[in-house]
Each structure stands twice: as structure tokens, then as C-alpha cells.
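# Tertiary structure, described
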Amino acid sequence: QKEVEQDPGPLSVPEGAIVSLNCTYSNSAFQYFMWYRQYSRKGPELLMYTYSSGNKEDGRFTAQVDKSSKYISLFIRDSQPSDSATYLCAIGQGAQKLVFGQGTRLTINP
Amino acid sequence: SQTIHQWPATLVQPVGSPLSLECTVEGTSNPNLYWYRQAAGRGLQLLFYSVGIGQISSEVPQNLSASRPQDRQFILSSKKLLLSDSGFYLCAWSVSGGPYNSPLHFGNGTRLTVT
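Because the structure is predicted, anything quoted here is derived from the model rather than measured. (Residues numbered from 1 in each chain as written. Chains lettered and ligands numbered in written order. Predicted model: local features only at pLDDT ≥ 70, side-chain atom pairs only at ≥ 80, totals over all residues. Heavy atoms only, no water.)

## Quick word on the overall build of chain A
- Scanning chain A for helices and strands turns up zero helices and eleven strands.
- Counting helices and strands in the order they occur from the N terminus, chain A gives β-β-β-β-β-β-β-β-β-β-β.
- For 110 residues, the compact-globule estimate of 2.2 N^0.38 gives 13 Å, and the C-alpha radius of gyration of chain A, at 13 Å, lies within 12% of that figure.
- Expressed along its principal axes, the backbone C-alpha trace of chain A runs to roughly 40 × 30 × 20 Å.
- In chain A, buried positions account for 44% of the 110 residues.
- Of the accessible surface of chain A, which amounts to about 5300 Å², a share of 45% is contributed by carbon and sulfur atoms.
- Chain A carries 11 positive and 10 negative side-chain charges, and their two centres are separated by 7 Å. (Helix = DSSP H or I, 4+ residues; strand = E, 2+ residues; numbered from the N terminus. Rg over C-alpha atoms; globule rule 2.2 N^0.38 Å. Buried < 20%, exposed > 50% of the residue type's maximum accessible area, 1.4 Å probe, protein only. Areas by Shrake-Rupley, 256 points an atom, 1.4 Å probe, with all protein chains shown as cover. Lys, Arg positive; Asp, Glu negative; His and termini not counted. Charge placed at Lys NZ, Arg CZ, Asp CG, Glu CD.)

## Topic: the environment of Ser94 of chain B
- By the secondary structure assignment, Ser94 of chain B is in strand β9 (residues 87-94).
- For Ser94 of chain B, the residues in contact, after removing those within four places along its chain, are Ala95 of chain A together with Pro31, Asn32, Tyr34, Ser102, Pro103 and Leu104 of chain B.
- In terms of polar contacts, Ser94 of chain B uses its side chain to reach the side chain of Tyr34 of chain B, at 2.8 Å. (Contact = heavy atoms within 4.5 Å. Polar contact = N/O pair within 3.5 Å; in protein donor to acceptor, adjacent residues only side chain to side chain.)

## Re the confidence of the model for chain A
- When pLDDT is averaged along chain A, the result is 93, and 100% of the positions lie at 70 or above.
- Across chain A, strand β8 (residues 71-76) of chain A holds the top mean pLDDT of 97, while strand β10 (residues 98-100) of chain A sits lowest at 91. (pLDDT = per-residue confidence, 0-100.)

## Re the interface of chain A and chain B
- Taken together, the contact between chain A and chain B spans 21 residues of the former and 24 residues of the latter.
- Of the roughly 1800 Å² buried between chain A and chain B on both sides combined, carbon and sulfur atoms contribute 55%.
- If you look at where chain A meets chain B, you find zero salt bridges.
- Where chain A touches chain B, the interface holds three residue pairs in polar contact (both at pLDDT 80 or more).
- Broken down by secondary-structure element, the contributors of at least two residues to the side of chain A that touches chain B are β4 (32-38), β5 (45-50) and β10 of chain A.
- Take the side of chain A that touches chain B: its biggest share by element is four residues, from β4 of chain A.
- Here the side of chain A that touches chain B is composed, by residue class, of eleven nonpolar, seven polar and three charged. (Buried area = accessible area lost by both parts, 1.4 Å probe. Salt bridge = Lys/Arg side-chain N within 4 Å of Asp/Glu carboxyl O. Nonpolar A, V, L, I, M, F, W, Y, C, P; charged D, E, K, R; others polar.)

Okay, here's the thing in C-alpha cells:
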């Protein structure tokens, strides 16, 4: 079993839709959770970072962590074509102990 | 604000040739520095990290090496490239001396093709 599992997609939705991206993890010692957005041929850009269960909101983005289920989600509201990218979850015990998901490729159709 | 620079952006090298990729960070002191490789359809793989000048930890035994000659400079090298070294190489930094849970911040990567 992989330490971090992420559905690779691809996921295609119409503009304005709510997008849900998910990752599961197996190690209960993991306590730091990040979401990155990666455009083609660019480095990953940090979107959200949290270390507690519950929700964290930043503009149109909401990160949700359920430690009891070892499940994290990223919600994108009012999705825009500029949100089209690959989204990576990263989970671990700190910056030196991160495990990345494979990434979900998302396309927002105008 | 902090910025991270990587170069070159793309590189095509023949098998058996040497490699040197450079990464520098501005706007912060004594950062933790990382080299990752991203292969198509796979997650990011940590290759090396450094907590200070001359201090390098290797995560994966391979054909590559890393060096940190200055506080904010990180170099990835190889003496003889293999076809399997092709990939997207990413440099990253995080805050040191503070919370162990500092997130990573990535550069824009170098796409290496070994022919």
C-alpha cells in the first residue's frame, strides 16, 4: 500500500463548478498536509498548508483534513479556466519527511 | 520576499556526459535546501536535502550527487549521465531553525533529457 494515494484523474469540469480533489494516507504519524498547484513545465506552487483536522479556507480554496479517516480534500469554488493544472497533495511529518501524491490533472472548460 | 532560481530551464545531454544544475535562494538565510526529481506519471522523489553548508543527506542511492558550497546555493551533479537520469528536477527550500513543519517552496525546475 502506498503511503499517499491520489486519484490521477484526469478530471474535467465546466467553469463555475465546485471541484473536489482528494488524497488518502496510511501513516497516522503524518500531521502536516499541503496542497500544491503545478502548471505545465513549472514547479509546484504552494496553495494550502495545514496541520490540524478541520477546514482551512483561502479565497476560493478550502482544505479539509480528517485525521480519523486519514483523508484530505481540496475544494475549489467557482472554478476558473486558470485553475486548470495538476494538483499535488503532500503529507508527512515535516518538510524533510513529505510524501507526495501522484497528482490530479484538472481541466476547467469555459 | 523570498525567491528561488533554477537554471537552466531545459537541458539535453548525451549519455556519459557530466551534469551540473544550480539553484539559488534569495531573501532568506540558512534555508533548508532540497533536490527532487519528478518523473512522468509519478510523484516527486526526494533526492537530497541540506540543512547547512557542506551538509548533504542522500535519500536515494544513484548516479547523482549534491553540494552546497554557499548558504543559499545548491548544486546537483553527475559525472556520467545515464538514460534513466532523464526527468524534471526541482529545487526547493524551507525555513530552518523554526517549525519542523515549514512547507516547501519550489523553483521552476530543469527538464533534463539524456539522449
